[in-house]
Amino acid sequence: MSSPIKVFCIEDDPDSADLIREDLTDRGYVVKVAHDFSAALATLAAFMPDIIVCDVNVPGMTGFEFLESARGIIQGERKIPFIFLTGNADKESIMRGHSTGADEYMLKPVDFDVLHTVIRKYTEHDEAPEGTPLPFGLTKREVEVLQWSARGKTSAEISIILDLGKRTVDFHIDNAREKLNVATRTEAVVRAALLNIIAL
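Rules used in this analysis
Residue indices follow the written sequence of each chain, beginning from 1 at its first position. Note on the predicted model: pLDDT of at least 70 is required for a residue's local features to be given, and 80 or more for side-chain atom pairs to be given and counted; whole-chain, interface and lining totals, by contrast, use all residues. Neither water nor hydrogens contribute to the side-chain values; these are computed over all heavy atoms in the structure. When DSSP finds two or more bridges between two strands, those strands count as paired. Helical segments are the DSSP runs of H or I of at least four residues, strand segments are the runs of E of at least two, and each set is numbered from the N terminus. Axis geometry follows a simple rule: fit a line to the C-alpha atoms, using only the stretch in contact for helices, then measure angles between N-to-C directions, giving values from 0 to 180 degrees. Whether two residues touch is decided by their heavy atoms; if any such pair falls within 4.5 Å, the residues are in contact. We define a nonpolar core as any set of buried Ala, Val, Leu, Ile, Met, Phe, Trp, Tyr and Cys residues linked to one another through side-chain atoms lying within 4.5 Å. Accessible area is worked out with a 1.4 Å probe on protein chains only. A residue is then buried under 20% of its type maximum, exposed over 50%, and partly exposed in between. When an angle is under 35 degrees it counts as roughly parallel; over 145 it counts as roughly antiparallel; between 65 and 115 it counts as roughly perpendicular; any other value is oblique. Gly falls in the polar group here, along with every residue not listed as nonpolar (Ala, Val, Leu, Ile, Met, Phe, Trp, Tyr, Cys, Pro) or charged (Asp, Glu, Lys, Arg).

This brings us to the sheet that holds strand S6 (residues 82-86). One open sheet holds the five strands; their spatial order is S2-S1-S3-S6-S7, and the pairing between them is parallel. Across the chains shown, the open sheet's two edge strands, defined by having one partner strand only, are strand S2 (30-34) and strand S7 (104-107). Across this sheet, the average inter-strand angle for adjacent strands is 20°, counted without regard to direction. As judged from the four bridges shared by S6 and S7, these two strands associate in the parallel manner. Note on S7: the bridge partner recorded for Leu85 is Met106. In this fold helix H5 (residues 112-123) packs onto strand S1 (6-10), strand S3 (51-55), S6 and S7, with an angle of close to 170° to the strand it touches most, S7.

Quick look at the nonpolar core now. Ranked by internal contacts, the top residues of the largest apolar core, which has 32 residues, are Val7, Leu24, Ile83, Leu115, Ile119, Leu146 and Ile198. At the level of elements, S1, helix H1 (14-26), S2, S3, S6, H5, helix H6 (140-150) and helix H9 (185-194) are the ones that each hand at least two residues to this core. A total of five residues in this core trace back to one element, the largest contributor, which is H5. Ignoring sequence-local partners within four residues, the contact set of Ile83 consists of Ile51, Ile52, Val53, Cys54, Glu104, Met106, Leu115, Val118 and Ile119.

This part takes up unusual backbone geometry. The phi dihedral of Asn181 falls on the positive side, at around 60°, and the residue is not glycine. At Asn196, a position not held by glycine, the phi torsion is positive, near 60°. Relative to the elements of secondary structure, Asn196 occurs in the segment after H9.

With that out of the way, let us pick up the environment of Pro4. Residue position: Pro4 is located in the segment before S1. For Pro4, a relative accessible area of 46% gives the class partly exposed. Between the C-alpha atoms of Pro4 and Tyr29, which are 25 residues apart in sequence, the distance is 5.6 Å. Residues within four places of Pro4 in sequence aside, it is in contact with Gly28, Val30 and Asp50.

A pair of packed helices can be characterised by two numbers: the angle between their axes and the separation between those axes. One way to put it is that H6 packs onto H9 with a least axis distance of 10 Å and a crossing angle of 100°. Considering the angle they form, H6 stands roughly perpendicular to H9. Contacts from Leu146, Ser149 and Ala150 in H6 reach Arg185, Ala188, Val189 and Ala192 in H9. Per-class residue counts for the contact of H6 with H9 are five nonpolar, one polar and one charged.

Once that is clear, we can look at the pairing of S3. Within S3, five of the five residues are buried, leaving the element largely enclosed by the surrounding structure. Pairing analysis gives four bridges linking S1 to S3, with the strands arranged parallel. For Val7, the partnering residue across the bridge sits in S3 and is Ile51. Pairing of S3 with S6, which is carried by four bridges, proceeds in the parallel orientation. Bridge pairing in S6 links Asp55 to Leu85.

Shown next as structure tokens:
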């Protein structure tokens, strides 16, 4: 039996940290929480997590600076996936996070089902066999339609590209939106992109 996945969460808000710890613990993860970057750096090497979940805005240091320091501490070890949590996912911050080495950006408040899916994505390394279902039960056609939506195409344009009826395109988008548990087409595209189901 494999060992539980170890998650290191850096979150300065105690209530948010407790919610993350409780939810992930209930899902079978071993979770350690630090409320500031000094404590996080002091315990990082000893805990050696499988994945790090970190708020971008913690007093005393930016999440970007912490990521660089963390990479230095664990240099020579396996690369530990790094997920930023942020309430303000502007393009500049996302680009900076990725250039620093972050693997994912997730918007707050945290959607725990999405967080669980992202953690599994980076910690389950078995190659998925052909025909493995896509996340959230999405079909290949739904993902295809979301991908074209992300490129700014309207339903009418997608219907021409994919040789489908416009109503069929809208049907696939509505299905994808419901499976991703969001209210709008734009939110479906954003969530699919955050989960790396599609590329922006």
